[in-house]
Amino acid sequence: MENAVETQHGCPVQDSLGQRVLHVSRDQYVSVIKALADEGYEMCVDLTGVDYLEMPHRTIGFGIKPERFEVVVNLLSLSQRKRIRLRVQVPADDASLPTLFDVHPGTEAHERETFDMFGIVFSGHPDMTRILMPEDWDGHPLRKDYSQGSIPVQFKGANS
Amino acid sequence: MGAVQNIADDGLGGMDHNFVTARIEDLVKWARSRSSWGASFGLACCAIEMMGTGASHYDLSRFGMEVFRASPRQADIMIVAGRVSQKMAPVLRQVYDQMMEPKWVISMGVCASSGGMFNNYAIVQGVDQIVPVDVYAPGCPPTPETLIHAIETLHQLIEDGEIMRRRTANNGGAGVELSSEPVEHTSVTIGTK
C-alpha cells in the first residue's frame with residue numbers, strides 16, 4: 001500500500017481548507033514546536049483546548065487515536081508569511097501536556113486559561129493556576145459536561 | 001421693604017427679611033444631594049456610557065457630579081456600571097466597604113441589576129447580592145438620559161430624606177447608630193499639676 005501521507009518532522013500533515021495542520025503526539029509535542037520555531041515559525045499565535053465529549057466516535061485518520069481533549073496550537077512565521085496548526089490529542093484520564101513556556105513564553109496565559117477552562121495541566125508551567133475564574137472555583141467551565149449555570153427567569157409577556 | 005436703616009433703632013427685629021431659616025438637617029441633605037461625587041466603578045460597556053454622561057454633551061457636572069473619585073474614601077455614590085464577574089465580586093464589596101457613610105449605590109445597566117443577558121456561572125446575577133442598591137437603571141446600556149434620570153432620582157431621595165428613613169426601617173446602610181452614652185467627666189483644673 002502506497003503511503004502518500006505527507007509528514008513534517010515525523011507528524012502527519014493534513015490540508016484543512018487550504019490550511020496546514022500537523023497531528024502531533026504528546027511525546028513529540030515540544031520537540032516539534034522547537035523544531036518549527038528554529039525553522040522560522042517565531043510566533044505562537046494561540047494555544048487552546050477542545051472538548052470532544054459529544055463526538056466520541058470521530059475519526060482523524062493517519063492512524064491517530066482520538067481522545068476526549070485536544071490542544072490546538074497555532075504558529076505564525078512572520079519572516080516567511082505562512083501559518084501552521086498543531087493538534088495534540090490529550091486523554092481524559094491523564095489530561096496533561098508539557099508546557100511551551102520555554103519555547104514560547106507568551107503561551108503562559110493561554111496555558112493557564114486552558115487549565116482553568118478544561119482541566120488540562122501543563123507540566124513545567126511557572127504558575128499553573130486559574131486565570132479567569134476565582135482561584136477556589138470548582139470544576140472546569142468549558143467542558144461539555146459543565147452546565148451553563150443559568151437561573152430560571154420569568155419573562156412577562158412570554159408564551160411559556 | 002428695603003435695607004435696614006438703623007439697627008440701633010429697630011434692633012434685630014428689623015432684619016427679618018434678610019434671614020432665611022431652615023433646619024440644619026435640611027441644609028445638609030440639600031448640600032449632599034447637590035454635590036455628591038461618584039466612585040468610578042465602570043466595569044464594562046456601561047462604563048463607556050457613564051463616561052459619555054460625564055462628558056460635555058450630557059454634562060454631569062451640572063448635577064454636581066463632575067468628579068469621579070478613584071478613592072472610595074472620597075466618594076458618595078458608587079455607580080456599578082457593567083457586569084460583575086464572580087472574581088470581581090469580593091473586590092466590589094471591599095470598595096463599597098471602604099466608602100464613608102453616607103453612601104449610596106446606583107446599579108447601572110441590566111448586567112448590574114440582574115445579570116443581564118449573561119445568565120450563567122461566571123456573572124453575578126445582580127449586584128444587589130453583594131451591595132445594597134438604592135436605584136436601578138435599566139438598559140443595555142442605559143442611555144445617558146436614563147443614567148441622569150437615575151442619578152436625579154437618587155438625588156431627590158437624598159434631598160427629601162426618604163432614603164435615610166428607609167434605611168432605618170430596613171436596617172440598611174452601614175448600620176451606624178449614633179447613640180448618646182453617658183461620658184464620665186473628670187474635671188481638670190488648668191494650671192495645676
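Residues numbered from 1 in each chain as written. Chains lettered and ligands numbered in written order. Predicted model: local features only at pLDDT ≥ 70, side-chain atom pairs only at ≥ 80, totals over all residues.

Undergrad: So, the overall build of chain A: which residues are in play, and what are the values?
TA: Counting its regular elements, chain A contains two helices and eight strands. In chain A, the succession of α and β elements from N to C terminus is β-β-β-α-β-β-β-β-α-β. Taking contacts inside chain A between residues at least 6 apart in sequence as the whole, the part at least 24 apart equals 55%. (Helix = DSSP H or I, 4+ residues; strand = E, 2+ residues; numbered from the N terminus. Contact = placed C-beta atoms within 7 Å.)

Undergrad: Hey, could you go over the overall build of chain B for me, with residue numbers and the actual values?
TA: A tally of helices and strands in chain B yields seven helices and five strands. Beginning at the N terminus, the succession of helices and strands in chain B can be written as α-α-β-α-β-β-α-β-α-β-α-α. For chain B, with 193 residues in total, the buried portion stands at 30%. Pairs at least 24 residues apart make up 77% of the contacts formed inside chain B by residues separated by at least 6 positions. (Buried ≥ 20, exposed ≤ 12 C-beta atoms within 10 Å, placed from the backbone.)

Undergrad: Now, about the nonpolar core: what can you tell me, with residues and values included?
TA: One finds Met78, Ile79, Val80, Ile106 and Met108 of chain B to be the most contacted residues of the largest nonpolar core, which totals 35 residues. Taken together, the elements giving at least two residues each to this core come down to β1 (38–42), α3 (45–54), β3 (77–81), α4 (89–98), β4 (104–108), α5 (109–114), β5 (135–137) and α6 (144–159) of chain B. Not counting residues up to four positions away in its chain, the partners in contact with Met78 of chain B are Ala39, Phe41, Tyr96, Met99, Lys103 and Val105 of chain B. Within the second largest apolar cluster, 23 residues are counted, among which are Cys44, Val73, Leu86 and Val88 of chain A. (Core = buried A, V, L, I, M, F, W, Y, C linked by C-beta atoms within 7 Å.)

Undergrad: Which residues make up the environment of Gly42 of chain B, and what values do they have?
TA: All names here are of chain B. Mapped onto the secondary structure, Gly42 falls in strand β1. Accessibility expressed as a C-beta count within 10 Å gives 18 for Gly42, which makes it partly exposed. Considering only alpha carbons, one finds Gly42 and Gly82, 40 residues apart in sequence, at a separation of 6.2 Å. The residues contacting Gly42, other than those within four sequence positions of it, are Ala47, Met50, Ala81 and Gly82.

Undergrad: So, the confidence of the model for chain B: which residues are in play, and what are the values?
TA: All names here are of chain B. Here chain B shows a mean pLDDT of 83. Residues at 70 or above account for 75%. Ranking the elements of chain B by mean pLDDT puts helix α1 (residues 7–10) last, at 61, and β5 first, at 95. This complex was scored by the predictor with a pTM of 0.78 and an ipTM of 0.78. (pLDDT = per-residue confidence, 0-100.)

Undergrad: Would you mind going over the interface of chain A and chain B in detail, with residue names and values included?
TA: Taken together, the contact pairs eight residues of chain A with six residues of chain B. Among the residues making up the side of chain A that touches chain B, the classes are represented as five nonpolar, three polar and no charged. (Nonpolar A, V, L, I, M, F, W, Y, C, P; charged D, E, K, R; others polar.)

Undergrad: Can you tell me about unusual backbone geometry, naming the residues and giving the values?
TA: Cis geometry is adopted by the peptide bond preceding Pro102 of chain B, which originates at Glu101 of chain B and carries an omega value of -5°. Among the secondary structure elements, Pro102 of chain B is positioned in the loop between α4 and β4. Cis rather than trans, the peptide bond between Cys140 of chain B and Pro141 of chain B has omega equal to -10°. Considering the arrangement of structural elements, one finds Pro141 of chain B in the loop between β5 and α6. In this structure, Leu17 of chain A is a non-glycine residue whose phi angle is positive, near 55°. In this structure, Leu17 of chain A sits in the loop between β2 (11–16) and β3 (19–24). C-beta crowding within 10 Å serves as the criterion here: with 5 such atoms nearby, Leu17 of chain A is assigned to the exposed category. A positive phi angle, near 55°, is found at Phe62 of chain A, a position not held by glycine.

Undergrad: Pulling in residues and values, what's your account of the sheet that holds β3 of chain B?
TA: Strand pairing in a sheet takes place through backbone hydrogen bonds and is either antiparallel or parallel in direction. Residues and elements named next belong to chain B. Read from one edge to the other, the open sheet built from five strands follows the order β2-β1-β3-β4-β5, with strand pairing classed as parallel. Only two strands of the sheet have a single neighbouring strand rather than two, namely β2 (68–69) and β5. On the sheet, α3 packs against β1, β2, β3 and β4 and is oriented at approximately 130° with respect to β3. (Pairing = 2+ DSSP bridges. Axes fitted to C-alpha atoms, helices over the stretch in contact; angles between N-to-C directions.)

Undergrad: Give a detailed account of the packing of helix α2 (residues 24–34) of chain B against α6 of chain B, specifying residues and quantitative values.
TA: Residue and element names in this part refer to chain B. Two numbers describe how α2 lies on α6: the axes approach to 8 Å, and their chain directions differ by 165°. As far as their axial angle goes, α6 and α2 are roughly antiparallel. Crossing hand, α2 versus α6: right-handed. For the pair α2 and α6, the contacting residues are Lys29, Trp30, Arg32 and Ser33 in the first and His155, Ile158 and Glu159 in the second. A class-by-class count of the residues in the contact of α2 with α6 yields two nonpolar, two polar and three charged. (Parallel < 35°, antiparallel > 145°, perpendicular 65-115°, else oblique. Left-handed = near helix turned anticlockwise from the far one by under 90°.)

Undergrad: Before we move on, can you summarise α6 of chain B with the specific residues and values?
TA: The terminal C-alpha atoms of α6 of chain B lie 22 Å apart, and with 16 residues this matches the ideal 22 Å at 1.5 Å per residue to within 8%. Just past α6 of chain B, the residue Gly161 of chain B takes up positive phi, approximately 75°. (Expected span 1.5 Å × (residues − 1).)

Undergrad: I'd love a proper account of the packing of α3 of chain B against α6 of chain B, names of residues and values included.
TA: Residue and element names in this part refer to chain B. The geometry of α3 relative to α6 is characterised by a closest axis approach of 9 Å and an angle of 75° between their N-to-C directions. The angle between α3 and α6 falls in the class roughly perpendicular. Of α6, the residues touching α3 (which contributes Glu49, Met50, Gly52 and Thr53) are Pro144, Leu147 and Ile148. Broken down by class, the residue content of the contact of α3 with α6 amounts to four nonpolar, two polar and one charged.

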